[in-house]
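Here is how the chains run, residue by residue.
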Amino acid sequence: MSRQSLTKAHAKITELSWEPTFATPATRFGTDYTFEKAPKKDPLKQIMRSYFPMEEEKDNRVYGAMDGAIRGNMFRQVQQRWLEWQKLFLSIIPFPEISAARAMPMAIDAVPNPEIHNGLAVQMIDEVRHSTIQMNLKRLYMNNYIDPAGFDMTEKAFANNYAGTIGRQFGEGFITGDAITAANIYLTVVAETAFTNTLFVAMPDEAAANGDYLLPTVFHSVQSDESRHISNGYSILLMALADERNRPLLERDLRYAWWNNHCVVDAAIGTFIEYGTKDRRKDRESYAEMWRRWIYDDYYRSYLLPLEKYGLTIPHDLVEEAWNRITNKGYVHEVARFFATGWPVNYWRIDAMTDKDFEWFEHKYPGWYSKYGKWWENYNRLAYPGRNKPIAFEEVGYQYPHRCWTCMVPALIREDMVVEKVDDQWRTYCSETCYWTDAVAFRGEYDGRPTPNMGRLTGFREWETLHHNKDLADIVQDLGYVRDDGKTLIGQPHLDLDDPKKMWTLDDVRGNTFMSPNVLLNEMSDAEREAHVAAYRANGTTAA
Amino acid sequence: MTETKQRSFPTIEFTDSEAGALEFPSSTSRAYNYYKPAKLRATMYEDVTVDVQPDPERHLSQGWIYGFGDGPGGYPKEWTAARSSNWHAFLDPNEEWDQTIYRNNSAVVHQVDLCLQNAKRARAYDSWNPAWLKFIERNLGAWMHAENGLALHVFTSIQRSGPTNMINTAVAVNAAHKMRFAQDLALFNLDLSEADVPFDGAAHKEVWKSAPEWQPTREVVERLTAVGDWCELLFAANIVFEQLVGSLFRTELVMQIAARNGDYITPTIVGTGEYDYDRDLGYTRNLFRLLTRDAEYGETNKVLFGEWLATWVPRCLDAAHALQPIWSQPAEKSVTFASSLDAAKQKFRSLLEDLGLDSPKELDQ
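Residues numbered from 1 in each chain as written. Chains lettered and ligands numbered in written order. Predicted model: local features only at pLDDT ≥ 70, side-chain atom pairs only at ≥ 80, totals over all residues. Heavy atoms only, no water.

**Examining the overall build of chain B**
Argument step 1. Along chain B, the regular secondary structure elements total 10 helices and 1 strand.
Argument step 2. Beginning at the N terminus, the succession of helices and strands in chain B can be written as α-β-α-α-α-α-α-α-α-α-α.
Argument step 3. Each principal axis of the C-alpha atoms in chain B carries an extent, and together these give about 75 × 75 × 40 Å.
Argument step 4. By residue count, 60% of the 365 residues in chain B fall in the buried class.
Argument step 5. Put simply, chain B shows about 14300 Å² of open surface, and 50% of that area lies on carbon and sulfur atoms. (Helix = DSSP H or I, 4+ residues; strand = E, 2+ residues; numbered from the N terminus. Buried < 20%, exposed > 50% of the residue type's maximum accessible area, 1.4 Å probe, protein only. Areas by Shrake-Rupley, 256 points an atom, 1.4 Å probe, with all protein chains shown as cover.)

Here it is as structure tokens:
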């Protein structure tokens, strides 16, 4: 369809909307934002007549590549180190995708602009596509990769795992609370516009370098829809900016959304890219370098900064602090070590790091070896059962961390941990911003104004609480992370499948009692707690 | 002269990581094992849809981690008055997922596009009589608003609220159908307004907004958008409104009389909407049959649906009766309003019977 025809067709389609006079649409999902003064902003034009064939063509390419990968024995050259992490990633990501579909009516309800409604409804269908195409990719991995364990229980594992819960914020944050906070600022303005770059562009690059060209095939196809979504989000953002009353809410939500996305996405994708790869070329970009390019330059400098001309205060401090955490405070390395510490309650295997990996990390992150090298040597030393416990229960100079009540990634940058009594409970936070998110932002009042539509942090937020004082073997069994012989764990701290004696079983992990740091913290006296927190913070990780 | 950068690329390594390369525990566990498929072997649809939306009653151990300011987050079952002992038992008979959505809708798009191109090439509109042009201008023009309103503010809305991914995905596809169909009607309207025939492409707005015969229909559509209970909304839209108003207009009028008025274009386009509704009724029927046959809640659901029928049937019948004058507008009047309405009512009764619901008394009046 020519551009002229498309413009004419789009104008025609806008005639389909009307102002209701008999009944007011139900307010299913409220917002504290107001759009009374908003000028109508038109997002990218899309009509269904061209949309469906376009997407079908994209699909044909994806499914053709999938057939080709199987015919060409792609799995002869896939790195297991890489594909194991996909058991975690691909268990998480279809839920945020489908949540994005579910978020669209929230934005439609909140924003009085029929031209945006069309774009949002098209996005809804895109997101159904993304979710199911990703589930299908995972199914293909399960069917063709050497070790299907973990892929085979994927959605159950996602729903009961500590890491799955971290990722779940990325979906639940889209569909809950204030409609604009959730479906616009958190989902579109930050997650889609900023962080899909690392999710769907940077990470597939790394997949290809590890012999997996299907992840790039699927995720680049997904990413090709994102520009329309970004356009939807930007249109709504500009409409919200037209009313001064929205400015404090926008600034609140940009701070929350930016920081939460950083905490969650950088933790996961940073780990996959840095610790899931076998490609240790010195000139291949580290996650920090990718982040600088995709997030700092492409998003922060090109997208966020120009919003200042509308009088919006951009969270410069949080952008810089995210960068600081990644480059100087070892955020990604800490998360990777934490995931590896928890290997018995994972549904994927984590490879040990070798001298080649050490050399690369030291090159990219000077000082890495002195902080993490010894721990990874211990991980390697303790990889097999028989003579030792899982590393979390051995003395390797690592204290199991407190969980951040807000982002649910543990407080791994220990000197930054905030401890406060909130809602009659001692809670730990990874950072001041996560504390602020719980104590200030997600409340019914903000900055002296009522915010009844703002969401709440709910649920059993510390995963460890559910398993407090239980035997590790019982926890693993309860979670279902056991292979089909009824005794071998799905998670293993190595990639050796050729020798059954190297595979940990329930008997090998029995006798280790798992304790919840938060339960213990709340049982402490004030003096005990202060001493405990001081010691925890003193075990900091900032580069000397 | 700039220095040529040394090319750098990763090394391929043969890892022998194919399925079957080694035997070890779970090495042959190649099916999703966290749900029980409806049949012996899981379908592609089930594999890519089931449990993607978590449920605290299934595997979700930490509960929903975000809530609304005034209630729990996620997908509370209390968002409808209908009850089920197992919402997850619902599976979409159309088995919609990525490939089916785009293949089906692309096929429809190609069909409509080809049809419209042929119409232009054959100057098909030239032979339409003025009464028929006016009929299409006013009535199909008005109807496309209803389709669009249902797409954006009924079905798109419902798919946020259902308690399972299987329900919400089926409804999302329903929304896509409606949006595509509404747009196809609008672009058909555009083609007609650009053809060398007396056709006012803007007339539909006023007809939808003010013409007396269409106001009760607009009222029902607007009242639908005001319903908060997602299940009532689906019931009222797909079981009641579509049967008594949608099918009455599309199936029992347009599809029956267009050809006799020299129009072979409109039935091709409206026929795609009929095909959509046939699919969408399929999943809707399955869902409500599941609810009326529920061993624990079937009877209370039937009472509830009876209340919904009592609300929506009179409104839809009012809308249907108001449309009566448009049966007289075409030059060739091959069906009467009475026969069309009888046919629509009969199909509606049959659907209700299939669901185990009593026909409301208003149908006999």
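Let us keep going from here.
**With respect to the overall build of chain A**
Argument step 1. Helix and strand counts for chain A come out as 21 helices and 7 strands.
Argument step 2. Its C-alpha atoms give chain A a radius of gyration of 24 Å, near enough to 24 Å, the size a compact globule of 544 residues would have.
Argument step 3. Its C-alpha atoms put chain A at 75 × 65 × 45 Å along the principal axes.
Argument step 4. A buried classification covers 66% of the 544 residues belonging to chain A.
Argument step 5. Taking as baseline every contact in chain A between residues at least 6 positions apart, the subset at least 24 positions apart corresponds to 78%.
Argument step 6. When the accessible surface of chain A is totalled, it reaches about 17400 Å², and 48% of it is carbon and sulfur.
Argument step 7. Of the charged side chains in chain A, 62 are positive and 77 negative; the average position of the first set lies 3 Å away from that of the second. (Rg over C-alpha atoms; globule rule 2.2 N^0.38 Å. Contact = heavy atoms within 4.5 Å. Lys, Arg positive; Asp, Glu negative; His and termini not counted. Charge placed at Lys NZ, Arg CZ, Asp CG, Glu CD.)

**So, the interface of chain A and chain B**
Argument step 1. Residue-level contacts link 113 residues of chain A with 104 residues of chain B.
Argument step 2. Buried area between chain A and chain B, summed over both chains or domains, comes out near 9400 Å², and the portion from carbon and sulfur atoms is 59%.
Argument step 3. On inspection of chain A and its partner chain B, the count reaches 4 salt bridges.
Argument step 4. With a closest N to O distance of 3.6 Å, A:R49 and B:D184 form a salt bridge.
Argument step 5. Looking at the side of chain A that touches chain B, the elements with two or more residues in it are α1 (3–14), α2 (48–71), α4 (94–110), α5 (114–144), α6 (154–160), α7 (162–175), α11 (247–275) and β5 (456–457) of chain A.
Argument step 6. For the side of chain A that touches chain B, the element with the highest residue contribution is α5(A), accounting for 19 residues.
Argument step 7. Relative to strand β1 (residues 66–67) of chain B, β5(A) runs antiparallel, the two being bridged by 2 bridges. Its bridge partner being in β1(B), A:R456 is matched across the sheet by B:G67. (Buried area = accessible area lost by both parts, 1.4 Å probe. Salt bridge = Lys/Arg side-chain N within 4 Å of Asp/Glu carboxyl O. Pairing = 2+ DSSP bridges.)

**What to know about the pattern of salt bridges**
Argument step 1. One pass over the structure, following the stated rule, counts 73 salt bridges over all chains.
Argument step 2. Its salt-bridge partner being A:E55, residue A:K58 comes within 3.2 Å of it at the nearest N-O pair. A residue pair is termed a helical-turn pair when its members lie 3 or 4 positions apart in one helix, as A:K58 and A:E55 do in helix α2 at 3 residues. Assigned by exposure class, A:K58 and A:E55 land together as buried.
Argument step 3. A:D225 serves as the salt-bridge partner of A:R129, at 3.0 Å between the closest nitrogen and oxygen. Taken as a pair, A:R129 in helix α5 and A:D225 in the loop between α9 (214–223) and α10 (226–241) lie far apart in primary sequence, 96 residues in all.
Argument step 4. By relative accessible area, A:R129 is classed as buried at 0%.
Argument step 5. The buried category is assigned to A:D225, whose relative accessible area is 0%.
Argument step 6. One salt-bridge network, held together by shared partners, links A:E55, A:K58, A:D59, A:D126, A:R129, A:D225, A:R228 and B:D98.

**Some words on the pairing of strand β1 (residues 418–422) of chain A**
Residue and element names in this part refer to chain A.
Argument step 1. Judged from the 5 bridges that link them, β1 and strand β2 (residues 425–429) form a sheet pairing that is antiparallel. Bridging across to β2, K421 finds its partner in W426.
Argument step 2. The antiparallel hairpin formed by β1 and β2 contains 2 residues in its connecting segment, where D423 sits at a positive phi of about 50°.

**Notes on the side chain of B:R279**
Argument step 1. Along the chain, B:R279 falls in helix α8 (residues 266–292).
Argument step 2. In contact with B:R279, not counting residues within four places along its chain, are B:N94, B:E96, B:N104 and B:H177.

**Describing the packing of aromatic side chains**
Argument step 1. Inspection of every chain in the model, using the stated rule, returns 73 aromatic pairs over all chains.
Argument step 2. For the ring pair A:Y51 and B:Y102, a centre distance of 5.8 Å and an interplane angle of 65° mean the geometry is edge-to-face. With A:Y51 in helix α2 and B:Y102 in helix α2 (residues 98–121), this residue pair bridges two chains.
Argument step 3. Note on A:Y51: relative accessible area 0%, which makes it buried.
Argument step 4. With centroids separated by 6.4 Å and ring planes inclined at 80°, the aromatic side chains of B:W128 and B:F188 adopt a geometry described as edge-to-face. Taken together, the positions of B:W128 in the loop between α2 and α3 (130–158) and B:F188 in helix α4 (residues 165–194) put the pair 60 residues apart, joining distant regions of the chain. Residue B:W128 shares its accessibility class with B:F188, and that shared class is buried.
Argument step 5. For A:K87, the ring lying beneath its charged end belongs to A:F151, and the centroid distance is 5.6 Å. (Phe/Tyr/Trp six-rings, centres within 6.5 Å; stacked < 30°, edge-to-face > 60°. Lys NZ or Arg CZ within 6 Å of the ring centre and 35° of its normal.)

**Quick look at the nonpolar core**
Argument step 1. One finds A:W376 and B:F288 to be the most contacted residues of the largest nonpolar core, which totals 318 residues.
Argument step 2. Broken down by element, the residue count for this core peaks at 18 residues, all from helix α8 (residues 179–209) of chain A.
Argument step 3. Other than its neighbours up to four places away in sequence, A:W376 contacts A:Y275, A:A336, A:R337, A:A340, A:I350, A:D351, A:M353, A:F358 and A:W368. (Core = buried A, V, L, I, M, F, W, Y, C linked by side-chain atoms within 4.5 Å.)

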